[in-house]
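Survey of secondary and tertiary structure
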Amino acid sequence: MSMAQSPEPLDVDRERTRTGMSKTALKQGFLDNLFYIQGRFREVATPHDLYMAAAYTTRDRILERWIKSAQRYKTNQSRTVCYLSAEFLPGPHLANNLVNLGIVETATEAAHELGLDFDAIIAEEAEPGLGNGGLGRLAACFMDSLSTLQIPSIGYGIRYEFGIFDQTIEDGWQVEKSDNWLRNGNPWEIPRPKIRFPVLYGGYTEQYRDHDGRSRTRWVPAQIIDGVAYDTPILGYGVGNVNLLRLWKAEASESFDFQAFNVGDYYGAVHAKIEAETISKVLYPNDEPEAGKELRLKQQFFFVSCSIQDMIRLQFNTVGPLDSFAEKFVIQLNDTHPSLAIAELMRLLMDEHDMDWDRAWDITHRVFCYTNHTLLPEALETWSVSLFERLLPRHLEIVYEINRHFLDEVRVHFLGDEDRVRRMSLIAEDGERRVRMANLAVVGSRAVNGVAALHSELVKTTLFKDFHDFWPDRFHNVTNGVTPRRFMVVANPRLSRLISETCGSDDWIRDLDRLRDLEAHAMDSGLHERWHEVKIAAKRDLAAWLKHRTGVLLDPEAIFDVQAKRIHEYKRQHLNLLHIIRCYQRLKQSPNQDMVPRAFIFGGKAAPGYFMAKLIIKLINAVAEVINNDPQINGFIRVVFMPDFNVKNGQHLYPAANLSEQISLAGKEASGTGNMKFSMNGALTIGTLDGANVEIREEVGKENFFLFGMSAEEVSQRQREGYHPWEHYAKDAELKSDIDLINSGLFSHGDTQLFRPLTDRLVNQDPFMVLADYRAYIACQDHVAEAYRDHRHWTRMSILNVARMGKFSSDRAIREYAEHIWRTEPHPIDL
Ligand code: BZD
């Protein structure tokens, strides 16, 4: 709320009491919930009881707004954005909801007066880890912004019983532990047992004549499973709007159970129930598609079918006939994982609601929009026709029919170009026949977008070039953004307070461009001092946290150099490692040199089946062990791997970083969003011209960004010419000695073979050109170190980075979607 427009304090008090937001009301609500829901009184309550009571007290205050929003959207017949995503990574809800309700201070005081440790209560919440990384977290940021911008919306996904695994590090290796996040109950969700839809699988299709004598198709499934809705309210910041995150849980369909029971097969009935429930049991922990995994395809169809049926139900409940479905709804596909929705909507409109092909297609292709998140060929989803047919026989027919209509158009437009027809087909015919989900998504959508300017260009000129030639107007860019509520206000309250005091208002929280007001103070030495103090305090906190969890002690005065993201060869954590080994060798060679102390901090999970990524984690920990225990190094450099990087733990990392590592090979990272989170918290970036780094650098100014490495253009040129990594290894003596040191066994207790797969891959193949960028990276890191010596200058750059991050709010991204792609309007709910 703008300070200038604050209402009179007395009015505020009265209003807070009326709406239950006063300190007294919060305390009473808390004690009531502790007693009536948890069945405890203060003296015997466990920390978890206290958290549950706090969560219910907060939820109670959301419910009125939620019901009001639902009613208002219904009477207004509001156009609704349905965000279909196989993943949502919302992070712990309590602190975020308190921020969005505007009652953090009141709640803190209330807790204090009750003699409770507020931070401990917040820390008690389990992470809802229903996603792998950037894609799932983007969906959560977008939900926050949709509510804040008062746009009616529903996030649809899967209520995985087990989310992304918990990562522990044992003997330097990643070990995966199952994530039983629902074990102690989830106070934020409301089950809706009556919102339940059947989902069909397998069987066959048959033709029949309806009462008008028209030929129709009937799908006779082999299996029916129910999807049941679980709703979580998503509150906007400082507004009355509450949108819905609706996640589907799989249950055995009762009708099916009873069939088996009736013929006396009790065991079979129970078994069917267990099998049904496996569909929403566990998130696939891969940030690439699972080749040929039947259960994954079943999951995708499961949530897509429930969601489309739910939209049709809502259409009938509000507007009425299905003809205006594309006016009432817009469906955004978060990558291709939900793209079966295109075929499912066609099926429901035709087979269940009597529409002919042309009317159904007209609605379908006007309702869908598709976001692409990757150019990596190995990450493009395809399903073998045989698996597809076995599981979804009717959908395969529909895909074929879409393809037939589509390829007819292509042939008319590009007469005689059968090569192009083959490339654009929804079915790949080279080798085993496969359904190309990305092509289905493009053909079935009226808008397609990439997630950063560079990425969207490459989408048009490489991945979907043929489609762009055909439909140039279909392609858009919406650069990603992240929510400042979660990643600044919740994660970094100290910095947030300092910014509000400096700018004279907290308006920046809803209008991130207002951070520009900081620029006027960028030279102010008073601000410099406080800025530095805020950063040091966060570094001390992180150091304490890491000491407790890993035993490694970091020096808060050192540069906190952080790379936190999924472990992947294209993200090049091993390039970072080569720099660390370089620093180590330099210190060993001249122990008395004046090196700027650095703490190298890593975090991130490896897909459990991705051997090379797991070996990179092992190497990070192996290098850490040697360096951290070398008395000659004497703490000048330290290396630590933060276990179990997730939204919750990330909140300790962003505020404490001085340097953000965004070092993917140019052209490979679609956008990145960690780059934005670090920069918003005052870290400077060392990065390549990849993904959104390009735009971050444009915004913050090239003098406030450490750029190195080849451009995407140079990368493809080098690849065309033929890339020979061993030439770099042979020519660059320091590079050679860094790689040789790994092979020497120094980091592996004398085992010269352990890291061979990694070093051999670098020297012989190096698909992500680590060696080609090594020299430029080392040189750039030397600049970083020199720049850090000048504290004043560094702090100024840090302030300017924050001041110029306005563009990277997810509010801006959602505004662009709303205006250019969705054509939706805000529907404010009065407080
Ligand atoms: O999506 C990521 C990209 O790699 C990032 O560059 C980008 O910033 C974000 C958001 O747009 N992609 C993913 O996170 N992808 C997955 O997690 C994923 C999960 C399952 C299957 C395939 C991909």
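Residues numbered from 1 in each chain as written. Predicted model: local features only at pLDDT ≥ 70, side-chain atom pairs only at ≥ 80, totals over all residues. Heavy atoms only, no water.

1. Points about the overall build of the protein chain
Applied cut-off: Secondary structure elements follow DSSP: runs of H or I of four or more residues count as helices, runs of E of two or more count as strands, with numbering from the N terminus. Between the two quantities, the radius of gyration covers C-alpha atoms and the globule rule is 2.2 Å times the number of residues to the power 0.38. It only takes one pair of heavy atoms within 4.5 Å for two residues to be counted as in contact. In these tables, accessible area is a Shrake-Rupley quantity obtained with a 1.4 Å probe, and a residue counts as shielded only by the protein chains included in the view.
Tallying secondary structure elements over the protein chain gives 34 helices and 22 strands in all. A globule of 831 residues ought to have a C-alpha radius of gyration of about 28 Å, and the protein chain, at 28 Å, matches this closely. Summarising its shape, the C-alpha atoms of the protein chain cover approximately 90 × 75 × 55 Å along the three principal directions. Here the analysis covers contacts within the protein chain between residues at least 6 apart in sequence; of these, 77% occur between residues at least 24 apart. When the accessible surface of the protein chain is totalled, it reaches about 32,200 Å², and 52% of it is carbon and sulfur.

2. Overview of the sheet that holds strand 22 (residues 706-707)
Heads up, the condition is: A pair of strands is labelled paired if DSSP reports no fewer than 2 bridges between them.
Taken together, the six strands give an open sheet; going across it, the order is 19-18-17-20-21-22, and neighbouring strands pair in parallel fashion. A single partner strand is all that each edge strand has here, and the edge strands are strand 19 (637-642) and strand 22. One ladder, built from two bridges, connects strand 21 (residues 684-687) with strand 22; its direction is parallel. Bridge pairing in strand 22 places Ile686 opposite Phe706.

3. Regarding unusual backbone geometry
Phi at His749 takes a positive value of approximately 50°, unusual for a residue other than glycine. Positionally, His749 belongs in the loop between helix 30 (733-743) and helix 31 (756-764). Phi at Asp766 takes a positive value of approximately 45°, unusual for a residue other than glycine.

4. Here's the deal with the pairing of strand 15 (residues 447-450)
Note the following rule: Accessibility here uses a 1.4 Å probe with only protein chains present; expressed as a share of the type maximum, an area under 20% marks a residue as buried, one over 50% as exposed, and anything in between as partly exposed.
Burial along strand 15 is two-sided: the face carrying Ala447 and Asn449 and the face carrying Val448 and Gly450 are both buried. Pairing analysis gives three bridges linking strand 11 (residues 368-371) to strand 15, with the strands arranged parallel. What sits directly across from Thr371, in strand 15, is Asn449. As paired elements, strand 15 and strand 16 (residues 475-477) share three bridges and run parallel to each other. Looking at the pairing, Val448 lines up with Phe475 of strand 16.

5. Topic: the pattern of salt bridges
So the rule is basically this: Criterion for a salt bridge: a side-chain nitrogen of Lys or Arg within 4 Å of a carboxyl oxygen of Asp or Glu.
Tallying each qualifying case throughout the model produces 68 salt bridges. Among the ionic pairs, Lys27 bridges to Glu113, the shortest N-O distance being 2.6 Å. With Lys27 in helix 2 (residues 23-36) and Glu113 in helix 5 (residues 104-113), the pair connects residues that are 86 residues apart, well separated along the chain. A relative accessible area of 43% places Glu113 in the partly exposed class. Here Lys281 ties to Glu161 by a salt bridge, and the two come within 3.0 Å at their closest N and O atoms. Taken together, the residues span a long stretch of sequence, with Lys281 in the loop between helix 9 (266-277) and helix 10 (294-317) and Glu161 in the loop between strand 2 (153-158) and strand 3 (166-170) at a distance of 120 residues. Salt bridges here are not isolated pairs; linked through shared partners, they connect Asp417, Arg420, Arg423, Lys465, Asp466 and Asp469.

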